[in-house]
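Now for the letters of each chain:
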Amino acid sequence: MALADSTRGLPNGGGGGGGSGSSSSSAEPPLFPDIVELNVGGQVYVTRRCTVVSVPDSLLWRMFTQQQPQELARDSKGRFFLDRDGFLFRYILDYLRDLQLVLPDYFPERSRLQREAEYFELPELVRRLGAPQQPGPGPPPPPHSRRGVQKEGSLGDELLPLGCAEPEQQEGSSAGAPSPTLELASRSPSGGAAGPLLTPSQSLDGSRRSGYITIGYRGSYTIGRDAQADAKFRRVARITVCGKTSLAKEVFGDTLNESRDPDRPPERYTSRYYLKFNFLEQAFDKLSDSGFHMVACSSTGTCAFASSTDQSEDRIWTSYTEYVFCRE
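Every value quoted in this text rests on a predicted model; they were computed, and no experiment measured them.

A. Seen up close, the environment of Gly-291. Among the structural elements, Gly-291 can be located in the loop between α9 (280-289) and β11 (293-307). Relative accessible area serves as the criterion here: at 33%, Gly-291 is assigned to the partly exposed category. When the C-alpha atoms of Gly-291 and Arg-327 are compared, they prove to be 6.0 Å apart, with 36 residues separating the residues in sequence. Sequence-distant contacts of Gly-291, defined by excluding residues within four places in its chain, comprise Arg-208, Cys-326 and Arg-327.

In structure tokens form, the structure reads like this:
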């Protein structure tokens with residue numbers, strides 16, 4: 001449905017200027033409610049309409065000022081739907097609230113957030129995300145916490161130079177002389193200028209670090225009371241991942257869902273990750289390809305009776321199983 005020229009393009013949907021068309025437009029109720037609900041890639045956000053239209057000429061501004069509600073896509077519950085990254089939209093919405101960019105200390109999705117800002121046509125946010133990060137106030141961080149070179153689209157782990165210990169001045173050494181550790185970091189085995197870079201899942205000798213990863217899942221299936229009918233297995237709803245963040249990212253990469261624990265440092269442990277697929281064999285293959293082998297397994301379950309449509313009682317068995325994998 002086309003809008004009148006006097007109402008198109010104005011944030012509040014009203015006309016500007018005199019004439020009978022302007023007076024009739026101002027008397028009309030607003031096209032959108034003051035509180036809008038957004039479904040962005042499955043994540044639900046509730047915000048004010050003035051927030052989503054705070055940046056003129058952006059995609060959201062055009063959607064909620066130059067279009068009518070019936071022209072926008074909605075989900076089954078009537079919320080306005082956007083097929084974008086629901087986790088990263090929280091930072092887009094934060095920027096729209098006060099036009100400030102505030103990101104957590106350990107944020108590995110900067111390039112992806114920049115891509116989302118380009119989609120929503122927020123040029124100032126794109127510029128800020130593309131600018132080099134400035135160190136905050138206070139003393140400079142120690143060398144082992146500084147970022148190395150990071151490829152776009154990598155797993156987000158901090159890259160650390162070889163021999164990243166504190167460059168403490170030894171007694172009797174000059175102030176301007178580099179420490180042996182830093183000198184080792186600046187030389188490659190072949191004598192070149194650039195030394196190898198290590199991710200947190202690697203040790204100083206270049207080998208992969210040892211560690212444990214535990215995956216678990218909850219499943220259920222139904223067996224008829226006579227135990228003769230085939231079991232009706234219900235698919236695994238979610239495979240959880242527990243372990244060190246850097247190891248989990250190394251093994252599962254982009255198939256690891258970090259939406260519930262997005263800002264955890266690489267060397268910390270977490271039990272809130274889960275996988276984006278539901279096949280245990282696929283998880284086993286990824287662990288095997290990364291050098292892990294299973295060392296333990298445990299399972300627990302409950303059984304209950306439920307009446308089916310044919311009035312016979314079926315047994316529903318629900319179990320939770322964990323597998324522990326180790327890389328030495």
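B. Quick look at the pattern of salt bridges. A full pass over the atoms with the stated rule returns 13 salt bridges. Among the ionic pairs, Glu-124 bridges to Arg-127, the shortest N-O distance being 2.4 Å. Residue Glu-124 and its partner Arg-127 are located together in helix α6 (residues 123-130), separated by three residues, close to a single helical turn. For Glu-124, a relative accessible area of 30% translates into the label partly exposed. For Arg-127, a relative accessible area of 51% puts it in the exposed group. The shortest N-O distance in the salt bridge between Arg-128 and Glu-124 comes to 3.1 Å. Remark: Glu-124 and Arg-128 occur in helix α6; sequence separation between them is four residues, near one turn of the helix. Exposure remark for Arg-128: the relative accessible area of 26% places this residue in the partly exposed category. One continuous salt-bridge network, built from bridges that share partners, spans Asp-85, Glu-109 and Arg-112.

C. Examining the packing of helix α5 (residues 110-119) against α6 more closely. Here α5 crosses α6 at 160°, and the two axes come no closer than 8 Å. With respect to α6, the axis of α5 lies roughly antiparallel. For the pair α5 and α6, the sense of crossing is left-handed. On α6, the residues that touch Arg-110, Leu-113, Gln-114, Ala-117 and Glu-118 of α5 are Leu-125, Val-126, Arg-128, Leu-129 and Gly-130.

D. Representation of the nonpolar core in the model. Leu-38, Leu-60, Phe-64, Phe-89, Ile-92, Phe-120 and Leu-122 are the most contacted members of the largest nonpolar core, which has 32 residues in total. Counting only elements with at least two residues in this core, the list comes to β1 (35-40), α3 (59-63), β3 (80-82), α4 (89-98), α5 and α6. Among the elements that line this core, the one with the most residues is α4, at six residues. Residues within four places of Leu-122 in sequence aside, it is in contact with Val-55, Ser-58, Ile-92, Tyr-95, Leu-96 and Ala-117. By size, the runner-up hydrophobic cluster in this structure holds 20 residues, among which are Ile-215, Val-236, Ile-239 and Leu-275.

E. Expanded view of the sheet that holds β3. In spatial order, the strands read β2-β1-β3; together these three strands make up an open sheet with mixed pairing. With one partner strand each, in any of the chains shown, β2 (43-48) and β3 form the two edges of the open sheet. Going from strand to strand, the sheet's axes swing by 30° on average, the running direction of each strand aside. Alignment of β1 against β3, held across three bridges, turns out to be parallel. Paired with Leu-38 across the strands is Phe-80, a residue of β3. Lying on the sheet, α4 is in contact with β1 and β2; it crosses β2 at an angle near 5°.

F. How the structure looks around the confidence of the model for the protein chain. Residues with a pLDDT of 70 or more make up 61% of the protein chain, whose mean pLDDT is 73. Across residues 1-27, where pLDDT falls below 50, the model places 30 contacts with residues more than four positions away in sequence or in other chains. Per-residue pLDDT stays below 50 along residues 136-140; that stretch engages in one contact with residues further than four places along the chain or on separate chains.

G. Main features of α4. Turning to α4, its buried residues number three or more, namely Phe-89, Tyr-91, Ile-92, Leu-93, Tyr-95 and Leu-96. Buried residues along α4 sit against β1, β2, α2 (49-52), α3, α5 and α6. Phi turns positive one or two residues past the end of α4, at Leu-99, with a value near 60°.

H. Quick peek at α5. Buried within α5 we find Arg-110, Leu-113, Glu-116 and Ala-117. One face of α5 carries all of its buried residues, which in axial projection span an arc of 115°. In this structure, the buried side of α5 is in contact with α4 and α6. At the exit of α5 stands Glu-121, carrying a positive phi of roughly 55°.

I. Spotlight on the packing of aromatic side chains. The final tally for this structure, using the stated rule, is eleven aromatic pairs. Ring centres of Tyr-217 and Tyr-323 lie 6.4 Å apart, and the angle between their planes is 10°; this geometry places the pair in the stacked category. Here Tyr-217 is found in strand β6 (residues 211-224), whereas its partner Tyr-323 is found in strand β12 (residues 313-327), with 106 residues between them in sequence. In terms of burial, Tyr-217 and Tyr-323 fall into one category: buried. Ring centres of Phe-284 and Phe-325 lie 5.6 Å apart, and the angle between their planes is 45°; this geometry places the pair in the tilted category. One end of the pair, Phe-284, is in helix α9; the other, Phe-325, is in strand β12, and 41 residues separate them in sequence. Overall, Phe-325 belongs to the buried group, its relative accessible area being 5%. Here a set of aromatic residues connected by ring pairs shows up, and it is made of Tyr-45, Phe-89, Tyr-119 and Phe-120. Positioned above the aromatic ring of Tyr-274 is the side chain of Arg-238, whose terminal nitrogen or guanidinium carbon lies 3.9 Å from the ring centre.

About the criteria used
Residues numbered from 1 in each chain as written. Predicted model: local features only at pLDDT ≥ 70, side-chain atom pairs only at ≥ 80, totals over all residues. Heavy atoms only, no water. Helix = DSSP H or I, 4+ residues; strand = E, 2+ residues; numbered from the N terminus. Buried < 20%, exposed > 50% of the residue type's maximum accessible area, 1.4 Å probe, protein only. Contact = heavy atoms within 4.5 Å. Salt bridge = Lys/Arg side-chain N within 4 Å of Asp/Glu carboxyl O. Axes fitted to C-alpha atoms, helices over the stretch in contact; angles between N-to-C directions. Parallel < 35°, antiparallel > 145°, perpendicular 65-115°, else oblique. Left-handed = near helix turned anticlockwise from the far one by under 90°. Core = buried A, V, L, I, M, F, W, Y, C linked by side-chain atoms within 4.5 Å. Pairing = 2+ DSSP bridges. pLDDT = per-residue confidence, 0-100. Arc of directions from axis to C-beta. Phe/Tyr/Trp six-rings, centres within 6.5 Å; stacked < 30°, edge-to-face > 60°. Lys NZ or Arg CZ within 6 Å of the ring centre and 35° of its normal.

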